[in-house]
Amino acid sequence: MKRIFAIAALVGCGSLSAAPLPLTTPCTLEEGATLPTNFAGHDMVAVYNALKSIPAKDEFETAADHATRVKSAVAALPAAIATGHLCAGSMVINPLVDRWKYNAEKRQYEGTALYTKMHRVSGYYAPIYGKETRRRESSYMGTNAYGVTARVPKVERTTYQVALPRNALTDAASDVPGLTVDKESIVVILPMDPADARAHKGRLTEIYQYEVVPPLISQDTELEYPTFDLPTHYENEQHFIEGRLIKIAVVDVKTGTILKVYEMGNDQ
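Note that the coordinates shown come from a computational prediction; the quantities given were computed from them, not determined experimentally.

1. Looking at the overall build of the protein
Across its full length, the protein holds 6 helices and 13 strands. Computed over C-alpha atoms, the radius of gyration of the protein comes to 20 Å, within 12% of the 18 Å expected from 2.2 N^0.38 for 268 residues, which places it in the range of a compact globule. Overall size of the protein, expressed as C-alpha extent along the three principal axes, is 60 × 55 × 35 Å. For the protein, with 268 residues in total, the buried portion stands at 44%. Long-range pairs, those at least 24 residues apart, make up 70% of the contacts in the protein between residues at least 6 apart in sequence. Just so you have it, the protein exposes about 13,900 Å², and 55% of that area is on carbon and sulfur atoms. Of the side chains in the protein, 28 bear a positive and 31 a negative charge, and the two mean positions are spaced by 5 Å.

Following this line, the structure appears as structure tokens:
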């Protein structure tokens, strides 16, 4: 379930025509503003590498001294990182995944903005996917404990994403008008008359504004070994930017207009 969702999310986040913002350009999402129709936020690989340049804590440094040094180091990075004005997401919509449904009875669009039940060593988190930088597909002959031999497809990937800690995020989202939190997702409610809703069908997406928080970055490997039910060997080297969500913006991808902004609290 986790892997299927991750792949579906990644399909809609990259485009050869997308134009990432330079890290020297802060991004602020405001209602009524217009984004370029090839908008793609800040390149997560560039963000990750900039944060990776900050040396980790060593044995001769107290936790307080390390925190002070990291804060100063982040402030010296390019403006988008230093000021907490990073944006993620693109104007590309995956035609295979329709996350926006119109509720005619309530006269509102309802869109799944974030899936909140991805799992890693440190616990559940909500992902904002950036890009896949490597994919290798191969196969090998595998034999199980019963002596059954079969060809096993193998997929190896390297991905970059922003990780938002689930509990703090869902607590903050619960207090934002227009956001609904359930067991596995955060849903955006966008009031709209039927005529406008019909015109916007297939044109809505989400852009996210976030800032980095300690420990800034982390890395993990997602592994799935072949079974009878899922005979695939899967490895994903995951690079995480540790983040705090500031805003979710709903955007019309045809015009670039920001239709609605949902601003999170500071208690994440």
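2. Thoughts on the packing of aromatic side chains
Under the definition given, this model contains 4 aromatic pairs. When the centroid spacing of 5.4 Å and the interplanar angle of 85° are considered together, the rings of Y48 and Y160 count as edge-to-face. Of this pair, Y48 sits in helix α2 (residues 44-52) while Y160 is found in strand β8 (residues 149-165), placing the two residues 112 residues apart along the sequence. Judged by relative accessible area, Y48 falls into the buried class, the value being 4%. In this structure Y160 comes out as buried when scored by relative accessible area, which is 10%. Look at Y102 and Y109: their rings are 5.1 Å apart centre to centre, the planes differ by 65°, and that puts the pair in the edge-to-face class. Residue classification places Y102 among the partly exposed residues on the basis of a relative accessible area of 24%. A network of ring pairs unites the aromatic residues W100, Y102 and Y109 as a single cluster. Residue placement shows R120 over the ring face of Y125; its charged tip is 5.1 Å from the ring centre. Sitting over the face of the ring of F240, R120 holds its NZ or CZ atom 4.6 Å from the ring centroid.

3. Looking at the confidence of the model for the protein
When pLDDT is averaged along the protein, the result is 91; 93% of the residues meet or exceed 70. Predicted confidence is poor over residues 1-17, with pLDDT under 50, and the contacts of this stretch with residues over four places away or in other chains come to 31 contacts.

4. Here's the deal with the state of the cysteines
Using the criterion set out here, one finds 1 disulfide in the structure. Here C27 pairs with C87 through a disulfide, and the sulfurs are 2.0 Å apart. Between C27 and C87, the S-S torsion sits near -75°, and that sign places the bridge as left-handed. Of this pair, C27 sits in the loop between β1 (19-21) and β2 (39-42) while C87 sits in strand β3 (residues 86-88), and the two are 60 residues apart along the sequence. Classification of C87 as buried rests on a relative accessible area of 0%.

5. As for a nonpolar patch on the surface
A cluster of nonpolar side chains, contributed by Y146, V148 and F228, occupies part of the molecular surface with about 430 Å² of accessible area. One can find V148 in the loop between β7 (123-143) and β8. Exposure remark for V148: the relative accessible area of 44% places this residue in the partly exposed category.

6. A short note on the pattern of salt bridges
Where side chains of opposite charge bring their charged atoms close, a pairing between them can arise. The tally for this structure, following the rule as stated, stands at 15 salt bridges. The closest approach of N and O atoms between K247 and E30, which form a salt bridge, is 3.0 Å. Here the residue K247 occupies a position in strand β12 (residues 233-252), and E30 occupies one in the loop between β1 and β2, the gap between them amounting to 217 residues. The exposure class assigned to E30 is partly exposed, which follows from its relative accessible area of 40%. Put simply, R99 and E206 hold a salt bridge, and the shortest N to O gap is 2.7 Å. Taken together, the positions of R99 in the loop between β3 and β4 (100-103) and E206 in strand β11 (residues 204-224) put the pair 107 residues apart, joining distant regions of the chain. Classification of R99 by relative accessible area gives partly exposed; the value is 35%. Assessed through its relative accessible area of 2%, E206 is described here as buried. Salt bridges sharing common partners tie together E132, R135, E137 and R157.

7. Digging into the pairing of strand β10 (residues 185-191)
If a strand is regular, its side chains alternate between the two faces of the sheet. Of all 7 residues that make up β10, 6 are buried, and the element is covered over most of its length. Relative to β10, strand β9 (residues 179-181) runs antiparallel, the two being bridged by 3 bridges. Counterpart to T180 in the pairing with β10 is V187. In this antiparallel pair of consecutive strands, β9 and β10, the connection spans 3 residues.

Thresholds, definitions, all that
Starting afresh in each chain, residues are numbered from 1 along the sequence in its written order. In view of the model being predicted, local features appear only for residues whose pLDDT reaches at least 70, and side-chain atom pairs are presented and counted only at 80 or more, with totals across whole chains, interfaces and linings using the full set of residues. Side-chain numbers come from the whole structure's heavy atoms, not from hydrogens or water. Helix numbers and strand numbers start at the N terminus; a helix is a DSSP run of H or I with at least 4 residues, a strand a run of E with at least 2. With the radius of gyration taken over C-alpha atoms, the globule rule is written as 2.2 Å times the number of residues to the power 0.38. Exposure categories follow from relative accessible area, calculated using a 1.4 Å probe and restricted to protein chains: below 20% of the type maximum is buried, above 50% is exposed, and the middle band is partly exposed. A contact between two residues is defined here by any heavy atoms of the two lying within 4.5 Å. Where accessible areas are quoted, they stem from the Shrake-Rupley method and a 1.4 Å probe; at the residue level, only the protein chains shown are allowed to cover. Here Asp and Glu are counted as negative and Lys and Arg as positive; His is not counted, and neither are the chain ends. Each charge is placed at NZ for Lys, CZ for Arg, CG for Asp and CD for Glu. Working definition: rings of Phe, Tyr and Trp (its six-membered ring) pair if their centres are within 6.5 Å, and the pair is stacked with planes under 30 degrees apart, edge-to-face with planes over 60 apart, and tilted otherwise. Geometrically, a lysine NZ or arginine CZ counts as sitting over a ring once it is within 6 Å of the ring centre and also within 35 degrees of the ring normal. Across the chain, each position has a pLDDT score giving the predictor's confidence in that residue, from 0 to 100. In what follows, a disulfide is any cysteine sulfur pair within 2.5 Å. A residue counts toward a patch only above 30% relative accessible area and without a salt bridge, and it is joined to like-charged neighbours within 9 Å or, for Val, Leu, Ile, Met, Phe, Trp and Tyr, to nonpolar neighbours within 5 Å. By salt bridge we mean one thing: a side-chain nitrogen of Lys or Arg within 4 Å of a carboxyl oxygen of Asp or Glu. Think of it this way: DSSP has to see at least two bridges between two strands before they count as a pair.

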